[in-house]
Amino acid sequence: MTGVLRAPAPVGGARILGVGAYRPSRVVDNHELAPAIDSSDEWIRRRSGIATRRFAAPDETLVEMAAAASLKALAHAGVPPESVDAVILATMSHLEQSPPAAPRLAHRIGAAGAGAVDVGAACAGFCHALALADGLVRSGHGRHVVVVGAERMSDIVDPTDRGTAFLFGDGAGAVVVGPADTPGIGPVVWGADGSASAAIAHSSPWTVLRRSGRPSDALPAPAAWPTLRMDGPAVFRWAVATVPQIGRRALAAAGVDAAELSAFIPHQANVRIVEAAAKSLGLPAHVAVARDVTDAGNTSAASVPLAMDRLLSEGAVEPGGLALLVGFGAGLSYAGQVVVLP
Ligand code: UT7
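Caption draft 1: Geometry of the domain arrangement of the chain. Each assigned domain of the chain is listed with its residue range as follows: domain 1 (13–180) and domain 2 (189–197 + 228–340). For domain 1 and domain 2, the distance between their C-alpha centroids amounts to 16 Å. Listed by partner, the interface residues are 47 residues for domain 1 and 39 residues for domain 2. Both sides together, the interface formed by domain 1 and domain 2 hides about 3300 Å², and carbon and sulfur atoms give 63% of it. The largest contributions to the domain 1 side of the interface with domain 2 come from Arg23, Cys123 and Cys127, which together make up 19% of the buried area. Linking domain 1 with domain 2 are 3 salt bridges. In this structure, Asp161 and Arg229 form a salt bridge, with 4.0 Å as the shortest nitrogen-oxygen distance. Counting across the interface, domain 1 meets domain 2 through 15 residue pairs in polar contact (both at pLDDT 80 or more).

Caption draft 2: Quick peek at the site of the ligand. Not every one of the 22 residues close to the ligand is listed here, only the nearest: Ser39, Arg47, His267, Asn270 and Asn298. Contact between the ligand and Arg272: an oxygen atom at 3.3 Å from a side-chain N or O atom of the residue. When the free accessible area of the ligand is taken as 960 Å², the share hidden by the protein chains comes to 73%. Put simply, the parts of the chain that give the shell around the ligand at least two residues each are helix H2 (41–48), helix H7 (232–254) and helix H8 (271–281). Residue contributions to the shell around the ligand peak at 4 residues, all from H7. Of the residues belonging to the shell around the ligand, the class tally is 13 nonpolar, 6 polar and 3 charged. The residues that make up the shell around the ligand include at least three from each of domain 1 (13–180) and domain 2 (189–197 + 228–340).

Caption draft 3: Region of the structure containing the pairing of strand S6 (residues 145–152). In terms of residue burial, S6 counts as a mostly covered element, since 8 of its 8 residues are buried. Judged from the 8 bridges that link them, S6 and strand S7 (residues 170–180) form a sheet pairing that is antiparallel. Bridging from a neighbouring strand, Glu151 pairs with Gly171 of S7.

Caption draft 4: Structural context of the pattern of salt bridges. Enumeration according to the criterion identifies 14 salt bridges in this entry. Salt-bridge contacts for Arg108 lead to Glu64; the nearest nitrogen and oxygen are separated by 2.8 Å. In this pair, Arg108 sits in helix H4 (residues 102–109) while Glu64 sits in helix H3 (residues 62–77), placing the two residues 44 residues apart along the sequence. Judged by relative accessible area, Arg108 falls into the partly exposed class, the value being 39%. Judged by its relative accessible area of 30%, Glu64 is partly exposed. Across the pair Glu275 and Arg291 runs a salt bridge whose closest N-O atoms are separated by 2.8 Å. Here Glu275 is found in helix H8, whereas its partner Arg291 is found in the loop between strand S12 (288–289) and helix H9 (293–296), with 16 residues between them in sequence. Taken together, the shared-partner salt bridges connect Arg23, Asp292, Asp295, Arg310 and Glu314 into one network.

Rules used in this analysis
Residues numbered from 1 in each chain as written. Predicted model: local features only at pLDDT ≥ 70, side-chain atom pairs only at ≥ 80, totals over all residues. Heavy atoms only, no water. Domains from an automatic or database assignment. Contact = heavy atoms within 4.5 Å. Buried area = accessible area lost by both parts, 1.4 Å probe. Salt bridge = Lys/Arg side-chain N within 4 Å of Asp/Glu carboxyl O. Polar contact = N/O pair within 3.5 Å; in protein donor to acceptor, adjacent residues only side chain to side chain. Near = heavy atom within 4 Å. Areas by Shrake-Rupley, 256 points an atom, 1.4 Å probe, with all protein chains shown as cover. Helix = DSSP H or I, 4+ residues; strand = E, 2+ residues; numbered from the N terminus. Nonpolar A, V, L, I, M, F, W, Y, C, P; charged D, E, K, R; others polar. Buried < 20%, exposed > 50% of the residue type's maximum accessible area, 1.4 Å probe, protein only. Pairing = 2+ DSSP bridges.

Structural data, given as structure tokens:
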């Protein structure tokens, strides 16, 4: 016998109703980091465009930063926390295998009845989570979804690693997705290439750390805390080639011309990648290009909502304008979509 299940009634569309950000208070400049990696302020600015980044204090935990950003996004959206149906938290720096961070975040913001899940897609995590939220709202499974990118990259980066120590920063950005009469979040273009997974990866798996403590396991030396490693030049080449492709496909999928955009908000990995992608996409001069990386560093899953919040709060773009988002990073993974700004 075939059962027939009741499904929720779909709605016309979903859109971003509000955005919020949390930036840790401590500003770290290049001069502070350079000695440990035999580098200089001049080299870091020239190769990455980064002048400063923020590092979280012990009490600026991942959940606290995510909560601060989420509460601002909810206030901006005019949605009370108790009306939230789901909380989706994108992160690569939550250092507990279990429990995930999202249930604590939901509790912390007062979203008592919400489903809560973490999403792991590294620097592409926010755009993946946004696509999931869009699907939930449009299909009628939930009315209001909080989507957060939150990172404490300073916990997983080795301050003596020349290839990553100067790149990453901490922070959190959040949006609230809710129902709309027409689509406000375009079709997602996403994908992954696991054959290149070693390009951005931890120096060793956690199991190495565990085994090194056992006398029966003859490991050569005590394993160090596994930190992030990256083949920077290879990832750079991949990003410069891939981001414009994803951008063009996301524009085509949404039926939007580049000239109709108000903003281009790619993941903030390196200002040279941002500039190269903007040029390759042939964006007209009126399109605001996010360059939050210059004083936030690469905040991984938090970078797109942080940059979105900044463009709106500084008045560089108007609510209701169209923005092209593109996330990319470890996996290798990517996701992009066109959205109507809140
Ligand atoms: O968020 C996830 C996605 N991540 C990204 O998209 C990051 C992509 N990669 C990058 O942004 C860049 O590769 C970096 C900013 C990480 C590095 O810039 P680069 O222009 O690719 O530098 P490089 O690694 O090719 O090194 C160039 C030179 C080398 O010296 P020689 O061989 O030319 O003499 C390095 O030894 O710079 C040297 N170098 C440094 N010098 C000072 C490498 N790291 C440093 C350093 N300070 N920290």
